[in-house]
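An overview of the molecular structure
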Amino acid sequence: MQCGKISKKGVFNTSKRNTNIGNSLNIVKDKIRYYRELNNYSYQGLSDKLMLHGIDIHKQEIYKIETGKRTLVDYELCGFAKVFNVKLEDLVSDFIDNI
């Protein structure tokens, strides 16, 4: 399966990709929600756990991540993995499996 090609105009063509992220701004929204619920964390509880690792994400921002309305940066992704005690690959595996 092809991941996409650069067109003659230099625009990355993703029409061949089957990523199924739609209008989402991140690829981990479902996994974040899954692991948050699995650990019985409220939005505030998860925010507090992240803060203990020096990552300041307000509970409303976690909701936005889970609904695909907010991007997240690499260190935030690492923080989620640390709090959930999972590997980074566990958070992105669904996306990787579909490209």
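Here's what I pulled together on the structure shown here. Residue positions are counted from 1 within each chain, in the order its sequence is given. It should be noted that, the model being predicted, local features are given only for residues of pLDDT at least 70 and side-chain atom pairs only at 80 or more, the latter also being counted only at that level, while totals for whole chains, interfaces and linings use all residues. To obtain the side-chain values, all non-hydrogen atoms of the structure were included, while hydrogens and water were left out.

Before going further, it helps to examine unusual backbone geometry. The backbone phi angle of Asn40 is positive, close to 55°, even though this residue is not glycine. Strands are runs of DSSP state E lasting at least 2 residues, helices are runs of H or I lasting at least 4, and numbering of each runs from the N terminus. Along the polypeptide, Asn40 turns up in the loop between helix 1 (29–38) and helix 2 (43–52). For Asn85, which is not a glycine, the phi torsion comes out positive at approximately 55°. Residue placement: Asn85 occurs in the loop between helix 4 (74–84) and helix 5 (88–97). We call a residue buried when its accessible area falls under 20% of the maximum for its residue type, exposed when it is over 50%, and partly exposed in between, using a 1.4 Å probe and counting protein chains only. Owing to a relative accessible area of 71%, Asn85 belongs among the exposed residues under this scheme.

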